[in-house]
Amino acid sequence: MVTDSLITPQDVDAERGVVLICCSTHGEGELPENIRPLYDALARTRPDLSHLRYGVIALGDQSYRETFCRGGKTIDALFASLGAERIGERLEIDACTQPLPDEEALDWAKEWVSLL
Ligand SMILES: Cc1cc2nc3c(=O)[nH]c(=O)nc-3n(C[C@H](O)[C@H](O)[C@H](O)COP(=O)(O)O)c2cc1C
């Protein structure tokens with residue numbers, strides 16, 4: 001889980017391993033408030049993250065159609081543009097049809113860890 005109080009751009013830049021990002025979507029396809037400071041700082045300073053591997057769990061709701069999971073897609077695109085290597089496919093969890101997002105995420109994470 002990423003929150004602005006737990007992880008900073010310096011943490012990401014210093015990291016020599018793996019990051020698993022979990023990000024929902026708020027507003028009309030917008031990033032949640034707690035990840036925006038991290039996103040903005042990385043987008044502004046554009047550090048080289050080619051040493052980093054990452055995964056993305058995106059939370060959304062299909063009823064938002066065109067902005068489904070856009071928060072997770074946005075952060076995924078940023079990390080990729082900074083040279084980080086995504087491991088596996090992005091998980092997109094639909095709150096509309098999935099009453100147990102934690103369980104879906106856990107099942108996915110077990111597979112994801114095996115790819116590292
Ligand atoms: C006001 C509001 C706006 C939302 N906008 C979107 C959206 O644009 N796209 C999307 O896929 N999901 C959207 N969602 C659904 C949330 O991303 C989804 O319910 C998610 O599981 C919320 O997780 P969180 O409470 O941990 O942030 C929205 C939910 C709310 C309440």
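It should be emphasised that the depicted structure is a prediction, and the values quoted were computed from it without experimental measurement. (Residues numbered from 1 in each chain as written. Predicted model: local features only at pLDDT ≥ 70, side-chain atom pairs only at ≥ 80, totals over all residues. Heavy atoms only, no water.)

Draft legend 1. Just the confidence of the model for the protein, in detail. With 91% of its residues at a pLDDT of at least 70, the protein reaches an overall mean of 91. Counting contacts from residues 1-5, a segment whose pLDDT is below 50, to residues more than four positions away or on other chains yields eleven contacts. (pLDDT = per-residue confidence, 0-100. Contact = heavy atoms within 4.5 Å.)

Draft legend 2. Local environment of the packing of aromatic side chains. Taken as a whole and judged by the stated rule, the model has two aromatic pairs. Ring plane angle 45° and centroid distance 5.4 Å describe the contact between Tyr 54 and Phe 79, whose orientation is recorded as tilted. Here Tyr 54 is found in strand S2 (residues 53-60), whereas its partner Phe 79 is found in helix H3 (residues 70-81), with 25 residues between them in sequence. The pair formed by Tyr 54 and Phe 79 is uniform in burial state, with each residue classed as buried. (Phe/Tyr/Trp six-rings, centres within 6.5 Å; stacked < 30°, edge-to-face > 60°. Helix = DSSP H or I, 4+ residues; strand = E, 2+ residues; numbered from the N terminus. Buried < 20%, exposed > 50% of the residue type's maximum accessible area, 1.4 Å probe, protein only.)

Draft legend 3. Layout of the site of the ligand. Close contacts around the ligand come from 14 residues, with Ser 24, Thr 25, His 26, Gly 27 and Thr 67 the closest. For the ligand, an oxygen atom lies 2.9 Å from a polar atom in the backbone of Gly 29. Contact with the protein chains removes 61% of the 640 Å² of surface that the ligand exposes when unbound. Counted by class, the shell around the ligand contains five nonpolar, seven polar and two charged residues. (Near = heavy atom within 4 Å. Polar contact = N/O pair within 3.5 Å; in protein donor to acceptor, adjacent residues only side chain to side chain. Areas by Shrake-Rupley, 256 points an atom, 1.4 Å probe, with all protein chains shown as cover. Nonpolar A, V, L, I, M, F, W, Y, C, P; charged D, E, K, R; others polar.)

Draft legend 4. Spotlight on the nonpolar core. The biggest cluster of nonpolar side chains holds 21 residues, and the ones touching the most others in it are Ile 21, Ile 35, Leu 49, Leu 52, Tyr 54, Ile 75 and Phe 79. Setting aside chain neighbours within four positions, we find Phe 79 in contact with Val 12, Ile 21, Leu 42, Leu 49, Leu 52, Tyr 54 and Ala 84. Grouped together as the second largest cluster of nonpolar side chains are nine residues, Cys 22, Ile 57, Ile 87 and Ala 109 included. (Core = buried A, V, L, I, M, F, W, Y, C linked by side-chain atoms within 4.5 Å.)

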